[in-house]
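# Chain and residue survey
Here's the letter readout for the chains.
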Amino acid sequence: MLTLLSGNEAIAQGAWEAGVAVASGYPGTPSTEVLENLVKKPGVACQWAPNEKVGLEVAVGASLAGARAMSTMKHVGLNVAADALMTLAYTGVGGGLVVVVADDPGMHSSQNEQDSRRWGPFGKIVVLEPSDSAEALAMTREAFSLSERLDMPVILRTTTRLSHSKGLVETGERSDIERGAYRTARAKWVMMPGAARGRRADLERRLAAARAESETFPFTTTEMRGAEMGVITSGVTYQHVREALPEVSTLKLGMTFPLPAERIREFAASVGRLFVIEELDPYIADAVRALGIAVETTTVPVMGELSPSVIAEAFGVPPLPVREPMTGLPARPPMLCPGCPHRGVFRALRDMDAVVTGDIGCYTLGALPPLGAMDSCVCMGASIGMAHGFGTAGGAGERPVVAVIGDSTFAHSGLTGLLNSVYNGGDETIVILDNRITAMTGHQDNPFTGRTLSGTAAPEVDIEAVVRALGVTDVRIVDPNLLRPTEKAIREATAAPGVSVVIAQAPCVLVTRERNEPFAVVPETCTACGTCIRLGCPAISRGANSRATIDTDLCIGCRQCVQVCSYGAIKRIGRTCDVGSAS
Ligand SMILES: Cc1ncc(C[n+]2csc(CCOP(=O)(O)OP(=O)(O)O)c2C)c(N)n1
């Protein structure tokens, strides 16, 4: 059937058609929708893991058992899973094993833009790169067979533009894949040095087979449109090249590790001028030059997302007709939502002048003004170890050191950091922002939410019990919507010696969707002191005479602003009432 699917939907469809039996991953933009779509299909055990390493290990275990398996993650997730990945080329696979990794050129939603193609030569693992949704489906199907033929895991690498844009695909039926009986194969799977040396040598044989596959890979295509100029490219960049430079001949690489040396040589010999156009690192260009082939340099940027216009500009061709963004629109910087419970914690931390080692989640927005209460954000889970390191290095005078971490991030990679703090006698406070969801990536469940990816009930792991089990005795639980008790708890925790944990517990307002009657500012009473403005609530702004005004459509009635107004100028109103104009 012909359907319109996003790249991520197409990957889910391709995996299902290939007979994938187990799929496990961790959310991360732009990869998240692969599992969210696959779980809707029958016959696949589809799960969120607490982090990417566990997700990959689950898939590896399923592959060991002989089933086709897949793991999904964003590019930085593969750093977390890399310990498993780097040995997988040695062990090889049982059932076909596909690792979907989605890169984010331009960092729409990431802390860096590393180029995952480099895992190919680094881990000695096949890398495939689809260039549209149709290829995403077909290549995913093929990836499982390839993995089994080569006895190797296969990385399917996408980028934001491919993952999230839609294209026409022809969907098919699910293959009937019989899982064979499990047979012990210790020399292949138990990677002690003696066995690993054997598998390392065998890997060279398998890599040679992979190189041969690359030469004939059906998704690697040469399109001759003239002998003057040729472009080697891959992934979605191929589509941009076709749009920006429709006259040039192209070699589109479907397999970017191993590269097809002969196909590249042949193509290079057939054109007068050779260019490589690729997003992010000069990965293909360097490899082509290493073959002794001259590649002309370009001004195509090595960072950020490419587009037909960027390529057209670099090649001096007339700009493409694109709709320019409208000008004069009001700036809309990212902010915590109205009523977000994280706000109560950051307001306290700002007023305490704490040094805050931060982490990744919605709460990273606590770094922005007017809250401005975060000093670092490096990678998931880093907050706790960094707070410990900061304190161990002598801290910052009288300023308390506080780590902030969300519930999903705590499950992902915060547990070991906390264990480290306890073990090494830390003196830091950790605030766990427990909104019972992985909000940042679109509300996925996690081990603390009591639900699985398929929506079934799961044991709701008790964060307090986990924290105590890790050896923390000073644990406080607060509702961050109650501003003074929250500040009091954090102040007391930071004043107490040793490692202390404050669990700030209140559900994400976008999950509960609860709206109380909104509040409004009584203009006659407001002194324009700005205290409520400094909460950074999108519903509150300065109106006439600098007095505060509340947008009642945005206000969800959380009462945070009422608690900071010393003049009683914020009053509950009905949605249709008016308290006068702020003149
Ligand atoms: C290694 C890695 N995996 C995944 C992500 C994507 N990601 C960013 S924040 C986040 C989790 C946020 O959830 P939580 O900690 O509960 O905070 P919330 O957004 O709910 O406030 C995820 C999955 C990432 N940045 N890095």
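Small disclaimer: the values here were computed from a predicted structure and weren't measured.

## Here's the deal with the domain arrangement of the protein chain
Interface extent is often summarised as the accessible area lost during association of the parts. Once the domains are mapped, the protein chain shows domain 1 (2-216), domain 2 (221-314), domain 3 (342-511) and domain 4 (519-572). Taken over C-alpha atoms, the centre of domain 1 sits 25 Å from the centre of domain 2. Counting from both sides, the interface comprises 35 residues of domain 1 and, opposite them, 29 residues of domain 2. Between domain 1 and domain 2, roughly 2,400 Å² of surface is buried when both sides are summed, and carbon and sulfur atoms account for 52% of that area. For the pair domain 1 and domain 2, the number of links is four salt bridges. Between Glu135 and Lys252 there is a salt bridge, with the nearest N and O atoms lying 2.6 Å from each other. At the junction of domain 1 and domain 2, the tally comes to 19 residue pairs in polar contact (both at pLDDT 80 or more). Secondary-structure elements contributing two or more residues to the side of domain 1 that touches domain 2 are helix H5 (119-123), strand S6 (126-128), helix H6 (133-150), strand S7 (154-159), helix H7 (160-164) and helix H9 (193-216).

## Looking at a nonpolar patch on the surface
A cluster of nonpolar side chains, contributed by Leu2, Leu4 and Leu168, occupies part of the molecular surface with about 320 Å² of accessible area. Counting through the fold element by element, Leu168 comes out in strand S8 (residues 166-170).

## Some remarks on helix H1 (residues 7-17)
A large share of H1 lies buried, amounting to 10 of its 11 residues. Turning to H1, its buried residues number three or more, namely Gly7, Asn8, Ala10, Ile11, Ala12, Gln13, Gly14, Ala15, Trp16 and Glu17. Positioned one or two residues after H1, Gly19 has a phi angle of 85°, which is positive.

## Observations regarding the pairing of strand S4 (residues 69-74)
Judged by how many residues are buried, S4 sits mostly within the fold: six of six residues are covered. Going residue by residue along S4, you find Ala69, Ser71 and Met73 tucked away on one face and Met70, Thr72 and Lys74 tucked away on the opposite face as well. Inspection of the sheet shows strand S2 (residues 22-25) paired to S4 by four bridges, in the parallel sense. Following the sheet pairing, Ser24 is matched in S4 by Ser71. Two elements, S4 and strand S5 (residues 97-103), share six bridges in a ladder whose sense is parallel. Within the sheet, the bridge partner assigned to Ser71 lies in S5 and is Val99. This β-α-β element, S4 to helix H4 (residues 75-91) to S5, shows right-handed connectivity.

## A word on unusual backbone geometry
Of note, the amide linkage connecting Thr29 to Pro30 takes the cis form, showing an omega dihedral of 10°. Along the polypeptide, Pro30 turns up in the loop between S2 and helix H2 (33-38). Of note, the bond from Phe257 into Pro258 is cis; its omega dihedral lies within 30 degrees of zero at -10°. For Pro258, the location among the structural elements is in the loop between strand S12 (255-257) and helix H11 (261-270). We note that Ala528 has phi near 60°; this positive angle belongs to a residue other than glycine. Examined against the element boundaries, Ala528 turns out to sit in the loop between strand S19 (519-521) and strand S20 (540-542).

## Describing the site of the ligand
Inspection of the region around the ligand gives 26 residues, with Glu52, His342, Cys362, Asp407 and Thr409 positioned closest. With the chains in place, 98% of the 590 Å² that the ligand exposes on its own is no longer accessible. For the shell around the ligand, the secondary-structure elements that each account for two or more residues are H4 and helix H16 (407-423). For the shell around the ligand, the element with the highest residue contribution is H16, accounting for four residues. Split by domain, the residues of the shell around the ligand number at least three in each of domain 1 (2-216) and domain 3 (342-511).

## What to know about the pairing of strand S3 (residues 45-48)
Residues Cys46 and Trp48 line the buried face of S3, whereas the alternating positions Ala45 and Gln47 sit on a face that is not buried. Alignment of S2 against S3, held across four bridges, turns out to be parallel. Along S3, the bridge assignment pairs Ser24 with Gln47.

## Some details on the environment of Val44
Here Val44 shows up in the loop between H2 and S3. Along the sequence, Val44 and Trp16 sit 28 residues apart, while their C-alpha atoms lie 7.5 Å from each other. The residues contacting Val44, other than those within four sequence positions of it, are Trp16, Val20, Ala21, Val22, Ala23, Leu38 and Arg174.

## Quick look at the pattern of salt bridges
All chains considered together, the criterion is met by 35 salt bridges. Measuring nitrogen to oxygen at the nearest pair gives 2.7 Å for the salt bridge that ties Asp202 to Arg206. Residue Asp202 and its partner Arg206 are both found in helix H9; the two are separated by four residues, about one turn of the helix. Accessibility assignment for this pair places Asp202 and Arg206 in one class, buried. Notably, a salt bridge pairs Arg476 with Asp474, separated by 2.8 Å at the nearest N-O pair. Bridged by salt links that share partners, the residues Asp103, Asp115, Arg117, Glu129, Arg157 and Glu278 form one connected network.

## Looking at the nonpolar core
Ranked by internal contacts, the top residues of the largest apolar core, which has 80 residues, are Leu38, Met70, Leu128 and Ile232. Two domains each donate at least three residues to this core, and these are domain 1 (2-216) and domain 2 (221-314). Each residue touching Leu128, except ones within four places of it in the same chain, is listed here: Met139, Ala143, Leu146, Val154, Ile155, Leu156, Arg157, Phe217, Gly254 and Met255. One finds Leu349, Val466, Val472 and Ala504 within the second-largest nonpolar core, a separate group that totals 43 residues.

## Describing the sheet that holds S4
Reading across from one edge, S3-S2-S4-S5-S7-S6-S12 is the order of the seven strands in this open sheet, with mixed pairing throughout. Edge positions in the open sheet fall to S3 and S12, since each of these has one partner strand only. Pairs of neighbouring strands in the sheet enclose a mean axial angle of 20°, with direction left out of account. Taken strand by strand, helix H3 (residues 52-64) contacts S2, S3, S4 and S5, and its axis lies near 165° from that of S4.

Rules used throughout
Throughout, residues of each chain are indexed from 1 in the direction in which the sequence is written. Whole-chain, interface and lining totals are the exception, using all residues; otherwise, since this is a predicted model, local features are given only for residues with pLDDT of at least 70 and side-chain atom pairs are given and counted only at 80 or more. In computing side-chain values, all of the structure's heavy atoms are included and hydrogens and water are not. A domain assignment, automatic or from a database, supplies the domain bounds used here. The contact rule is simple, with two residues in contact once any of their heavy atoms fall within 4.5 Å. Buried area: the accessible surface (1.4 Å probe) lost by two parts on joining, summed over both. The term salt bridge refers to a side-chain nitrogen of Lys or Arg lying within 4 Å of a carboxyl oxygen of Asp or Glu. Between N or O atoms, a polar contact is any pair within 3.5 Å; within protein, one atom must be a potential hydrogen donor and the other a potential acceptor, and residues adjacent in sequence are included only when both atoms are from side chains. Secondary structure follows DSSP: runs of H or I at least 4 residues long count as helices, runs of E at least 2 residues long count as strands, and numbering of each begins at the N terminus. Distance thresholds for patches are 9 Å for like charges and 5 Å for nonpolar side chains (Val, Leu, Ile, Met, Phe, Trp, Tyr), applied to residues having over 30% relative accessible area and no salt bridge. The protein chains shown are the only cover counted for residues, whose accessible areas, like all others here, come from Shrake-Rupley with a 1.4 Å probe. Each residue's exposure class comes from its accessible area (1.4 Å probe, protein chains only) as a fraction of the maximum for that residue type: buried when under 20%, exposed when over 50%, partly exposed otherwise. Any two strands are treated as partners once DSSP identifies two or more bridges connecting them. Crossovers are marked right-handed if the path from the first strand over the helix to the second runs clockwise, as seen with the strands pointing away from the viewer. Near, as used in this document, describes a residue that has one of its heavy atoms within 4 Å of the molecule or strand being considered. What makes a nonpolar core is a set of buried Ala, Val, Leu, Ile, Met, Phe, Trp, Tyr and Cys residues whose side-chain atoms join them at distances within 4.5 Å. With axes taken as lines fitted to C-alpha atoms, and helix axes fitted only over the stretch in contact, angles between N-to-C directions fall between 0 and 180 degrees.

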